[in-house]
Amino acid sequence: MQGLRALAVALVVLYHLWPARLPGGYIGVDVFFVISGFLITAHLVRDVERTGRVALSTFWARRIRRLLPAAFTVLAASCVFTLLVSPPSVVEDSLRQIGAASAYVLNWLLATESIDYLDAANRPTLVQHFWTLSVEEQFYIVMPLLIAVVLTLVKVASGRRGTAPSARTRRRWISISLVGVFGASLTYSVIATAVAQPFAFFDTFARAWEFAAGGLLAMFAAAAPHLLSRLRRTRLVSSGALGWAGIGVIIGGALLLNGGSPFPGWVAMFPVLGALAVISAGNPSGRRAPGRVLGLRAVQSVGDLSYGIYLWHWPLIIAFPVMFARSYSTAESVGIVGAAIVLAIATKYLIEDPFRYWRGFVQHRRVAFAFAAAGTALFIMVATVQVSAIEERRDNAAAVAEQMLATQAECFGANAMLGGRDCPDRLALPPGTDLAFAAHDLDPDWCLTGLAEAWRTCEYGDPAGTAGHLALVGDSHAAALIDAFDEYFRQVGWRVTTFVRFGCPGLSESPVEIGSRTPIEEQACADWSARVTDELVSSESIDAVVYTSFTSGYAEDGVPEASQLHASDIEATWSRVMDSGKTVVAVRDIPRTSRVNIPNCLEASTVRSAPCAIPKASGFVDDPQTQALKALGGRVPLVDLTDAYCDESTCYTVIGGVVVYADDNHVSHTYAMSLAPFLGARVESALPR
């Protein structure tokens, strides 16, 4: 078992350090889940057979002594590092995650953020790996409760018959309940992974079947030890073939799976079956059995330290580039592994074992529960106080930005590029710029159709629409301009109706691949696009349609040709809308950042003027929209705001004291609002009169 733990933690660490070499190493986590399911179920069943019940408080106190001292130590170190060293743009997210990790609900926080299109590209925090520990802790809470409920029901049913439940009856109903959990969770996992894979990855309900699988093996071992012993005497097992096969399945999955695999879902069967095979095989004594390797002292030591290694390796990986302003080399990666092992040893002997066997903890369960409650409360309090202070500073920065916009300051934002003034240092990052505000400078109330929604539209501008009715169509890049459209067109009498969806340009009725979208989400985008076009064509009130989106992002290198957005799709969509009597206008997208998070880049930059600037040649590419415009021969006017971002050779990330991008591909709300009069005037000039 310790050897299997060593294999699991090695896969996770190697994956985090060298993801290209071991793209599916994340399945080591699933091996841990199976191990936990097996060991905890076996432990609980032994207690039941000895006493006839589950000692809930005793079990939970034991888990607290085993897990929380080390976990709180790592969380405390991460909290100190976050407050003293981490870049301002990640402090808020880090503190929120530290608070959630201390309460073992981090997986749900990450699940929620995973379906937020704008949070998906956030920089990883020091404690992001605690999501797996959150899932395990939830299992430690639910599993004994489930067995306690089953025992109570069995006792009640037996009492009505005037008999006492036998050990066999208790085992049977515990097994039946685990079969139910296994079947329901696996079914849910397959469906959830197909519908919303990023959410399912962190979802406890999508992972419960893995624990149940280990639990069912433990029940088999408890109910039929003679059968398990007979199995282990067969040549398949005694020769080591079953154990090696299980290890091969696990390692094969780590090599063949990747971030694009539909995981967990049915694909998680690979690590689960592999782990079950290794546990079932036991430790055969044959010369070629895997126990000869897994039993090596070094491997056993890694297994003993696996919890501490897992806790420490990720903070070290994340902290290194923050401290040294560069990525780590191969030699430094090995150093990180060594440092994680050293810290794991120190944690085990200085913290884990003393707390685990301290008399006050062992003899008084209330002390353990008080320790857990006090530690969690302290982390949540620190996180809450610090986040509140950050939010206050961010609100102050937002108020200053709003004041500058309201007064139309001459050299603020886009005015510095397009206002015709001589603005000194217009491309410099002003001292004291609140980059935490810059990293969150997006409208939180965007009217966007979400990934799990079918339809949503909103009304902006002049409700009366005395000058006309305009539709705005696109993805989140269009949404980032909504407030600018609202500001300008409300003043000039145009009603604006939005048709915008996360990761969906509204330009193709065929599925288009982008990012980590599942096939179901891609089809939902295609269906939404078809409905948008139908709505536009059939509308008698809409006079003009403006399209803008991250068009270059839908034709990325590496995406199969058939799954890309094509110019022909755009031509067909625009032609159909124009044939219904509407004017179609295209707005050129903002310069690409090559997926560099700009606020993070600015924090690390030592350049005062034009930090993190982008070569114009890489900022704009020949995307499908450009090709469609050429093919349509001028029938669709293009609103090009390149001069708001770039000069002849370079595109800038700070203009007029404003950070232009809020992340790696969205224009910030402040810069978009400073752009409103210029954007609006150019769009209006292309509209029917």
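Reading guide: rules and limits
Residues numbered from 1 in each chain as written. Predicted model: local features only at pLDDT ≥ 70, side-chain atom pairs only at ≥ 80, totals over all residues. Heavy atoms only, no water. Salt bridge = Lys/Arg side-chain N within 4 Å of Asp/Glu carboxyl O. Helix = DSSP H or I, 4+ residues; strand = E, 2+ residues; numbered from the N terminus. Patch = residues over 30% accessible without salt bridge, like charges linked within 9 Å, V, L, I, M, F, W, Y side chains within 5 Å. Areas by Shrake-Rupley, 256 points an atom, 1.4 Å probe, with all protein chains shown as cover. Pairing = 2+ DSSP bridges. Contact = heavy atoms within 4.5 Å. Axes fitted to C-alpha atoms, helices over the stretch in contact; angles between N-to-C directions. Core = buried A, V, L, I, M, F, W, Y, C linked by side-chain atoms within 4.5 Å. Buried < 20%, exposed > 50% of the residue type's maximum accessible area, 1.4 Å probe, protein only. Disulfide = S-S within 2.5 Å. Parallel < 35°, antiparallel > 145°, perpendicular 65-115°, else oblique.

To continue, consider the pattern of salt bridges. Side chains that differ in charge, positive against negative, can pair when their charged atoms come close. Here the structure, examined in full by the defined rule, presents 21 salt bridges. One network of salt bridges, with partners in common, ties together Glu92, Arg96, Glu391 and Arg394.

In this section: unusual backbone geometry. Each neighbour pair has its own omega, and for phenylalanine 263 with proline 264 the value is 10°, a cis peptide bond. With respect to the helices and strands, the residue proline 264 is situated in the loop between α11 (241–256) and α12 (269–281). Although it is not a glycine, tyrosine 104 adopts a positive phi angle of roughly 55°. Tracing the backbone shows tyrosine 104 in the loop between α4 (88–102) and α5 (106–114).

Turning our eyes to something else, we now look at a nonpolar patch on the surface. Together, Val80, Leu83, Leu84, Val85, Met323 and Phe324 make up an exposed nonpolar region whose accessible area comes to about 590 Å². In terms of residues, the nonpolar patch owes the most to one element, helix α3 (residues 56–84), which gives 3 residues. Along the chain, methionine 323 falls in helix α15 (residues 306–324).

This part takes up the sheet that holds strand β4 (residues 544–548). If you trace the 6 strands from one edge of the open sheet to the other, you get β1-β3-β2-β4-β5-β7, paired in mixed fashion. Each edge of the open sheet is held by one strand with a lone partner, namely β1 (458–461) and β7 (638–639). Strand direction decides the pairing type here: β1 and strand β3 (residues 494–500), joined by 4 bridges, are antiparallel. Bridge pairing links glutamate 459 to threonine 497 in β3. Contacting β2 (468–474), β3 and β4, helix α23 (residues 519–538) runs over the sheet at an angle of about 155° to β3.

Looking at soluble globular proteins, one finds that nonpolar side chains tend to be buried together. Of all hydrophobic cores here, the largest spans 103 residues; its most connected members are Leu4, Leu75, Phe130, Trp131, Ile147, Phe263 and Tyr307. Not counting chain neighbours up to four residues away, the residues in contact with leucine 75 comprise Ile98, Ala101, Ser102, Val127, Phe130 and Phe379. Counting residues in each nonpolar core, the second largest holds 69 residues, with Phe502, Val639, Tyr661 and Leu679 among its members.

This part covers the state of the cysteines. In a disulfide, the sulfur atoms of two cysteines are held together by a covalent bond. Under the defined criterion, the tally for this structure stands at 5 disulfides. What pairs with cysteine 504 in a disulfide is cysteine 525, and their sulfur atoms sit 2.0 Å apart. On the sign convention where negative is left-handed, the bridge of cysteine 504 and cysteine 525, at about 90° about the S-S bond, is right-handed. Residue cysteine 504 is located in the loop between β3 and α23, and its partner cysteine 525 is located in helix α23; the two are separated by 21 residues in the primary sequence. For the pair cysteine 504 and cysteine 525, a shared accessibility class is recorded, and that class is buried. Two residues, cysteine 646 and cysteine 651, share a disulfide whose sulfurs are 2.0 Å apart.

By the secondary structure assignment, alanine 524 is in helix α23. Taking the relative accessible area as the measure of exposure, alanine 524 reaches 24% and is therefore partly exposed. Spatially, the C-alpha atoms of alanine 524 and cysteine 504 are 9.3 Å apart, while their sequence positions differ by 20 residues.

Time to look at the packing of α3 against helix α6 (residues 130–160). Relative orientation of the contacting elements α3 and α6 amounts to 170°, with a least axis distance of 11 Å. In this view, α3 runs roughly antiparallel relative to α6, as classed from their interaxial angle. In this structure, α3 contributes Leu56, Phe59, Trp60, Arg63, Leu67, Ala71, Val74 and Leu75 to the contact, and α6 contributes Phe130, Glu137, Tyr140, Ile141, Pro144 and Leu145.

None of the figures reported here should be taken as evidence of function without further support.
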